[in-house]
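# Structural overview for review
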Amino acid sequence: NLDYVPPYGSGGALYVRPLLYGAGPRIGLQPSDAYDFLVLATPVGDYYKGGLGKPVKACVVEEYDRAAPRGVGSVKLAGNYAPDLKPNTEAKQSGYPIGLYLDAGSRTYVEEFSTSNFVGICGETGKYVTPQSDAILPSITNDSLMKLAERSGMTTERRPVAFDEIASGKFSEVAACGTAVVLTPVGS
């Protein structure tokens, strides 16, 4: 299977995703009595056009919510992605490859991008900041970057991030961060 691993420097990667699904012989609103576990491994290229490191444009998704308060937005489920299919299509048609979701309750706090976690670097302090919310899907990529930032001497914060902080220019850098998008800068 080595032939399926993109070579170093090619811009590609091997995407690995574990998957557990209910496979029992029943249908209905109840847990399955049998499960299948598989690991999907597939070669991938850059998630966004232009390649890794090229800033993407983002829009704020205002007409839709990605996750409901006290919902399952923080759990990796196939259903996490369904709420973003229509908004993502609309954003792309308007020239935005990525959308930023605000909290469903007040629409004042950043939750996450349509594809990944939000990361901001504060211009004044150099702090690595990422939102804290029960509706955000945890990211091993974000957690790893936070640990690397701390080891290099940066202060990190996981806290509620008001959208006003972005609008007022508090962050000198903003990025989308996740397994597939890696660390993609958001330019505007």
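Below or above, wherever it landed, is the structure these notes cover. (Residues numbered from 1 in each chain as written. Predicted model: local features only at pLDDT ≥ 70, side-chain atom pairs only at ≥ 80, totals over all residues. Heavy atoms only, no water.)

### Brief notes about the sheet that holds strand S4 (residues 98-102)
In space, the three strands of this open sheet follow the order S3-S4-S5, with mixed pairing throughout. The open sheet has two edge strands, strand S3 (58-61) and strand S5 (110-113), and neither has a second partner. Averaged over all adjacent pairs, the angle separating strand axes in this sheet is 30°, with direction ignored. Relative to S5, S4 is paired through three bridges, and the arrangement is antiparallel. Residue pairing across strands places Leu102 opposite Val110, the latter belonging to S5. (Pairing = 2+ DSSP bridges. Helix = DSSP H or I, 4+ residues; strand = E, 2+ residues; numbered from the N terminus. Axes fitted to C-alpha atoms, helices over the stretch in contact; angles between N-to-C directions.)

### Quick notes on the side chain of Ser116
The residue Ser116 is located in the loop between S5 and strand S6 (117-122) in this model. Side-chain polar atoms of Ser116 contact the side chain of Thr115, separated by 3.0 Å. Apart from residues lying up to four places away in sequence, Ser116 is in contact with Ile98, Ala176, Cys177, Gly178 and Val181. (Polar contact = N/O pair within 3.5 Å; in protein donor to acceptor, adjacent residues only side chain to side chain. Contact = heavy atoms within 4.5 Å.)

### What about the pairing of strand S9 (residues 171-178)?
Burial within S9 is extensive, with six of its eight residues counted as buried. Two strands pair when backbone bridges link them, and S6 and S9 are joined in this way by six bridges, in the antiparallel orientation. Directly across from Asn117, in S9, lies its bridge partner Cys177. Bridge count between S9 and strand S10 (residues 182-185): four bridges; the pairing is antiparallel. Its bridge partner lying in S10, Ala176 is registered against Thr184. (Buried < 20%, exposed > 50% of the residue type's maximum accessible area, 1.4 Å probe, protein only.)

### Here we look at the layout of surface pockets
What the largest pocket holds in volume is close to 980 Å³. If you trace the largest pocket, you find 32 residues lining it, with Tyr15, Arg17, Lys76, Tyr81 and Leu137 closest to the centre. For the lining of the largest pocket, the secondary-structure elements that each account for two or more residues are strand S1 (13-22), helix H1 (82-93), S5 and S9. Ranked by residues supplied to the lining of the largest pocket, first place goes to S1 with five residues. Here the lining of the largest pocket is composed, by residue class, of 17 nonpolar, nine polar and six charged. In terms of lining, the second largest pocket is formed by 23 residues, of which the most central are Val119, Glu173, Val174, Ala175 and Val186. Breaking the lining of the second largest pocket down by element, the ones donating at least two residues are S3, S6, helix H3 (163-167), S9 and S10. (1 Å grid on protein atoms, 1.4 Å probe; cavity = no way out; pocket = protein on both sides within 12 Å on 5 of 7 lines; lining within 4 Å. Points joined across faces, edges and corners; volume = space filled by probe spheres on them. Nonpolar A, V, L, I, M, F, W, Y, C, P; charged D, E, K, R; others polar.)

### A short note on a nonpolar patch on the surface
A cluster of nonpolar residues, Leu2, Val5, Leu14, Val16, Leu20, Tyr35, Phe37 and Val39, forms a patch on the protein surface that exposes about 810 Å² of accessible area. Within the secondary structure, Val16 sits in strand S1. Using a relative accessible area of 43% as the deciding quantity, one classes Val16 as partly exposed. (Patch = residues over 30% accessible without salt bridge, like charges linked within 9 Å, V, L, I, M, F, W, Y side chains within 5 Å. Areas by Shrake-Rupley, 256 points an atom, 1.4 Å probe, with all protein chains shown as cover. Salt bridge = Lys/Arg side-chain N within 4 Å of Asp/Glu carboxyl O.)

### Regarding the pattern of salt bridges
A side chain of one charge can pair with a side chain of the opposite charge when the charged atoms of the two come close. For the structure on display, the rule yields eight salt bridges. Measuring nitrogen to oxygen at the nearest pair gives 2.9 Å for the salt bridge that ties Arg159 to Glu165. Here Glu165 and Lys170 are joined by a salt bridge, their closest N and O atoms 3.4 Å apart. Each of Lys127, Glu157, Arg159, Glu165 and Lys170 takes part in a single network of salt bridges with overlapping partners.

### Some details on the nonpolar core
Membership of the largest hydrophobic core comes to 16 residues, with the highest contact counts inside it found for Ile98, Phe113 and Phe118. Within the residue set of this core, elements represented by two or more residues are S4, S5 and S9. Apart from the residues within four sequence positions on either side, Ile98 is in contact with Tyr48, Val56, Lys57, Ala58, Cys59, Phe113, Ser114, Thr115, Ser116 and Ala176. (Core = buried A, V, L, I, M, F, W, Y, C linked by side-chain atoms within 4.5 Å.)

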